[in-house]
Amino acid sequence: MSRPISRPAIVWALLKKELTAYSRDLVFLALTLVVLVAVPFIFHALPDSVDESITLAMYPSMAEMVGDARDALIKMGATEEQLAELDDIDLAAEEEGLALVEFESEEQLRSVIEGSLELWETEGGETVFRDKEAGDEKPKDAERIKPDIGIAFPDEFIAGVAAGKRDLTVTVYSQAGIGEEIQTAMQSFVREAAYQIAGRELPVGMPDEATIILGDDRVGDQVTMQERMRPMLLFMVLLMETFSMASLISTEVLQRTVTAILVTPARVSDFLAAKTIFGTVMSLSQALIILAFVGGLTATNWSLILTVLVMGAIMFTGIALFVGSAGKDFMGQLFYAMLFTVPLLIPAISVMFPGTAAPWVKVLPSYPIIKVLVDATVYGGTWADAWGMLAYAALWLVILYFAGLFALKRKVETL
Amino acid sequence: MTGPAISVENLRFSYGDLEAVKGIGFEVQPGEILGFLGPNGAGKSTTIKMLTGQLTPKSGVARVLGIDVSTDDPALQARIGVCFEEKNLYLNMSAKENLDFYASLFGIKDPDSIEVLRRVGLADRAKDRVKTFSKGMRQRMMISRAFINKPDVLFLDEPTDGLDPVTSASIRKTIREEAERGAAVLLTTHDMFEADELSDRVAFINEGRIVALDTAENLKLKYGTRSVKVRLRDGVGVREEVLPLDGDGSSAKLAELAASPDLMTIHTEEATLDQIFIQLTGRGLEG
């Protein structure tokens, strides 16, 4: 015999049904398994380190330059102490991630940077030049060296500087494809190197380092592809779950099973509550499982990451409610799902690349979610850094969730 | 309870400018089966949706088990069972899981789902997923779902539509058992035979209005013509004579034909509900 039933009991019964329906659908199951298996696999297949070294070409060789300088300085009557300072000059040793390649002529250096001449290093450490257009063979057991930047010092540079000459020109060659940041950084380096060699500050202002390094200085600890992809993968899990959830809702609406529910003591609000809870829990639990596989939670960021994931899960559930109620069939549902999810994916892709996202990307609802995820998992962002973005995300969450809720409520009531 | 299980007075509903139900009124007593007959678009489903709380009436009063349907009181749904025309079952769940789920929405802790399935002949398929069921089996599932909470009022929308005669007879028997238990049944159907056999009373609804409401017998007496069909041998063929029972001289003519050596058969002829509906509305029930 039936007895009065509480609203939580009805929602619980609906949740159990959702779980059964979800677990019985091969498409949903396959999607879930693919996500749970593929995402960690992709993550671990990505490079977990960054090649931070920059190869610097130089003319003349350091030994030649110092040798010339020594002769000139002796003629100028330099003391033993001053001459000993020459021995301390070593450009490559003091710069982390810098490999130095020395050339015998400026023309050679220029050709190598330009790419018309190839530079190879054999296993024995010998450097070999190859003129491809002249028909030179590729050296055996050798690795090609591609200098990013070349520096050509004028003859008797050190002696000239020591003599107080001001019209000395150091030429910096860089490949056309080298980024502006690296070019600027290398110019700074050359000025610093010249300063070290000359023993005095050159009449050129050094750029402020803050304009070159964004956020924390991660020299020696650059963001690897794995780190960049971690928030993106978490975001993808939420996105995939949106498809499953929307499909589950759509099936319920199209097969009118919801109508049968609503002629029992269950109300539309119970139905919506169950869908919301189920969608959020499914998204969140999968995201947490993925997080366990790919790492990223630390003692300082776990609460922030969990919060933003919960917000993301609810936001995407709202989208699923909307998509599920809008599609009249599978194709319709797919269309609406793509219509919503593709724009939401744009911020996730944009944050993978360094630089500032375009203003229109920042307006998208998923931007604050992915931004907080990236900042927290990659750059050690804290609650204090994230408040603004969380508030922005909350605004979008309210808009999207209630839009989805309204759309599904209206759909169900008019069946 | 005392009084009617369903009580409807001047009930109206509109979809925008289209008035689907135009001030209907009727009552159904506990244990009574009321056949609700009408073509598609006549207002049958809209009426059921209002009585089951799916739609709110624009005006008028409708009470089911004494509860005003416009109050959105879950106590109403706790005591009714609904069988929809569309087979809205969870196809990936088994028959028992479907019934257990709906029972849980009524707060039934240990539903006797197997017994309910046995009543509709599906106990041996209790663990099979509904997607493997035939159309007839799904329809029986729909009926069993409507019974799961032992409702005091049953709303059955085309419960035997498209089923084979054996399954239809089985379902009709089950519906009759529910009425005998004391449940009031509001039954919509296109099947005149079913309405005639099952319904204690019949309501004809057309264009949102009830045009006739009485027992099938009374409707036939009131609106139909009584006649006798006599078949006689006529050389190598057969001759038929139809004699109106209410006409002058019919009795004498019938006695004469009955005494004929060529007499083959005599049948009483009575109007069908379909004919009466056409007579009353100018249109058929299938429209």
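Below, the structure is looked at part by part.

**Some points on the overall build of chain B**
Looking only at helices and strands, chain B has 10 helices and 13 strands in total. If you line up chain B on its principal axes, its C-alpha atoms span 70 × 45 × 35 Å. Taking all 287 residues of chain B together, 47% fall into the buried category. Of the contacts made within chain B by residues no fewer than 6 positions apart, 67% connect residues no fewer than 24 positions apart. Surface summary for chain B: the accessible area is close to 12700 Å², and the carbon and sulfur share equals 48%.

**Brief notes about the nonpolar core**
The biggest cluster of nonpolar side chains holds 144 residues, and the ones touching the most others in it are A:Ile261, B:Phe26 and B:Phe155. The greatest single-element share of this core, amounting to 13 residues, is contributed by helix H8 (residues 225-254) of chain A. Residue contacts for A:Ile261: discarding those within four places in its chain leaves A:Leu14, A:Lys17, A:Glu252, A:Ala266, A:Phe271, B:Tyr90, B:Phe101, B:Tyr102 and B:Leu105. A:Leu56, A:Met58, A:Met62 and A:Ile149 belong to the second largest nonpolar core, which has 14 residues in total.

**Overview of helix H1 (residues 44-51) of chain B**
All names here are of chain B. Here H1 lies mainly inside the structure; six of its eight residues are buried. Turning to H1, its buried residues number three or more, namely Lys 44, Thr 46, Thr 47, Ile 48, Met 50 and Leu 51. Positioned one or two residues after H1, Gly 53 has a phi angle of 85°, which is positive.

**Brief notes about the pairing of strand S11 (residues 227-234) of chain B**
All names here are of chain B. Looking at chain direction, S11 and strand S12 (residues 237-244) are connected through eight bridges and run antiparallel. Each bridged residue has a counterpart across the sheet, and for Val 228 the counterpart in S12 is Leu 243. Linkage of S11 to S12, two consecutive antiparallel strands, is achieved through a turn of two residues, within which Gly 235 is found at a positive phi near 70°.

**Description of the environment of B:Leu243**
All names here are of chain B. Along the chain, Leu 243 falls in strand S12. Sequence separation between Leu 243 and Leu 254 is 11 residues, and the spatial gap between their C-alpha atoms is 7.2 Å. When neighbours within four sequence positions are excluded, Leu 243 is seen to be in contact with Arg 226, Ser 227, Val 228, Val 230, Ser 250, Lys 253, Leu 254 and Leu 257.

**Some remarks on the packing of H8(A) against helix H14 (residues 366-378) of chain A**
All names here are of chain A. Two elements in contact, H8 and H14, have axes separated by 9 Å at closest approach and are oriented at 140°. Taken together, H8 and H14 sit at an angle that is classed as oblique. Crossing geometry of H8 relative to H14 is assigned as right-handed. Residues Glu 227, Arg 230, Pro 231, Met 232, Leu 234 and Phe 235 of H8 lie in contact with H14, whose contacting residues are Ser 366, Ile 369, Ile 370, Leu 373, Val 374, Thr 377 and Val 378. Residues belonging to the contact of H8 with H14 are distributed by class as follows: nine nonpolar, two polar and two charged.

Analysis parameters
- Residues numbered from 1 in each chain as written.
- Chains lettered and ligands numbered in written order.
- Predicted model: local features only at pLDDT ≥ 70, side-chain atom pairs only at ≥ 80, totals over all residues.
- Heavy atoms only, no water.
- Helix = DSSP H or I, 4+ residues; strand = E, 2+ residues; numbered from the N terminus.
- Buried < 20%, exposed > 50% of the residue type's maximum accessible area, 1.4 Å probe, protein only.
- Contact = heavy atoms within 4.5 Å.
- Areas by Shrake-Rupley, 256 points an atom, 1.4 Å probe, with all protein chains shown as cover.
- Core = buried A, V, L, I, M, F, W, Y, C linked by side-chain atoms within 4.5 Å.
- Pairing = 2+ DSSP bridges.
- Axes fitted to C-alpha atoms, helices over the stretch in contact; angles between N-to-C directions.
- Parallel < 35°, antiparallel > 145°, perpendicular 65-115°, else oblique.
- Left-handed = near helix turned anticlockwise from the far one by under 90°.
- Nonpolar A, V, L, I, M, F, W, Y, C, P; charged D, E, K, R; others polar.

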